[in-house]
Amino acid sequence: MTESEQTIIMYGTNWCYDTRRARDIFDKNHIPYQWVDIDANTEGRQFVERMNHGNRSVPTIVFPDGTLLVEPSNQELSRKLGLTV
């Protein structure tokens, strides 16, 4: 498995509250992830739209196991990351 296949990828925007909230959980818990700003990255925006039936729903978070979380709550994201809520 390559490094990119083992990395969590978060698609979002800098202005979105839900994206900033999710990034804060990752950062406070020192969980590495690849950040893709869909306002600046056309391929990232197209991926998000494809995964969300044409919507730009962010954050869209892709995990190494292939699962996605879209606009997760703090509890849902923490549970997926194995964090105590």
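For the structure, check the block above.
Every value quoted in this text rests on a predicted model; they were computed, and no experiment measured them.

Conventions adopted
- Residues numbered from 1 in each chain as written.
- Predicted model: local features only at pLDDT ≥ 70, side-chain atom pairs only at ≥ 80, totals over all residues.
- Heavy atoms only, no water.
- Pairing = 2+ DSSP bridges.
- Helix = DSSP H or I, 4+ residues; strand = E, 2+ residues; numbered from the N terminus.
- Axes fitted to C-alpha atoms, helices over the stretch in contact; angles between N-to-C directions.
- Contact = heavy atoms within 4.5 Å.
- Core = buried A, V, L, I, M, F, W, Y, C linked by side-chain atoms within 4.5 Å.
- Buried < 20%, exposed > 50% of the residue type's maximum accessible area, 1.4 Å probe, protein only.
- Polar contact = N/O pair within 3.5 Å; in protein donor to acceptor, adjacent residues only side chain to side chain.
- Salt bridge = Lys/Arg side-chain N within 4 Å of Asp/Glu carboxyl O.

J.: Describe the sheet that holds strand S1 (residues 9-12), and please don't skip the residues or the numbers.
T.: In a beta sheet, neighbouring strands pair by backbone hydrogen bonds and run either parallel or antiparallel. In space, the four strands of this open sheet follow the order S2-S1-S3-S4, with mixed pairing throughout. Whereas interior strands pair on both sides, the edge strands pair on one side only; in this sheet they are strand S2 (34-37) and strand S4 (68-70). Between one strand axis and the next, the sheet turns through 15° on average, direction left out of account. Two strands pair when backbone bridges link them, and S1 and S2 are joined in this way by four bridges, in the parallel orientation. Bridged to Met 10 within S2 is Trp 35. Those strands touched by helix H2 (residues 42-51) are S1, S2, strand S3 (60-62) and S4, and its axis lies near 90° from that of S1.

J.: Any chance you could break down the nonpolar core for me, citing the residues and the numbers?
T.: Core analysis: the largest hydrophobic core is formed by 12 residues, namely Ile 8, Met 10, Ala 22, Ile 25, Phe 26, Ile 31, Tyr 33, Ile 61, Phe 63, Leu 69, Leu 77 and Leu 81. The element contributing the most residues to this core is helix H1 (residues 17-28), with three residues. With nine residues, the next largest nonpolar core counts Tyr 11, Cys 16, Val 36 and Val 62 among its residues.

J.: Got a sec to walk through the side chain of Thr 60? Specific residues and values, please.
T.: Mapped onto the elements, Thr 60 comes out in strand S3. Given the relative accessible area of 0%, Thr 60 is considered buried. Engagement of the side chain of Thr 60 in a polar contact is seen with the side chain of Asn 52, the distance being 3.1 Å. With near-sequence residues (within four places) excluded, Thr 60 lies in contact with Ile 9, Met 10, Tyr 11, Val 48, Asn 52, Leu 68, Leu 69 and Val 70.

J.: Please provide a residue-by-residue account of the pattern of salt bridges, values included.
T.: Summed over all chains, the structure comprises five salt bridges. Notably, a salt bridge pairs Asp 24 with Lys 28, separated by 3.2 Å at the nearest N-O pair. One end of the pair is Asp 24 and the other is Lys 28, both in helix H1 and four residues apart, which spans about a single turn. Among the residues examined, Asp 24 registers a relative accessible area of 35% and is labelled partly exposed.

J.: Describe in detail unusual backbone geometry, supporting the description with residues and values.
T.: A cis amide bond, omega 0°, links Val 58 with the succeeding residue Pro 59. Within the secondary structure, Pro 59 is located in the loop between H2 and S3. The residue His 30 is not glycine, and still its phi comes out positive at about 55°. Non-glycine residue His 53 carries a positive phi angle of around 55°. Checked against the element boundaries, His 53 lands in the loop between H2 and S3. We classify His 53 as exposed; its relative accessible area is 77%.

Purely spatial values, then, with no claim about function.
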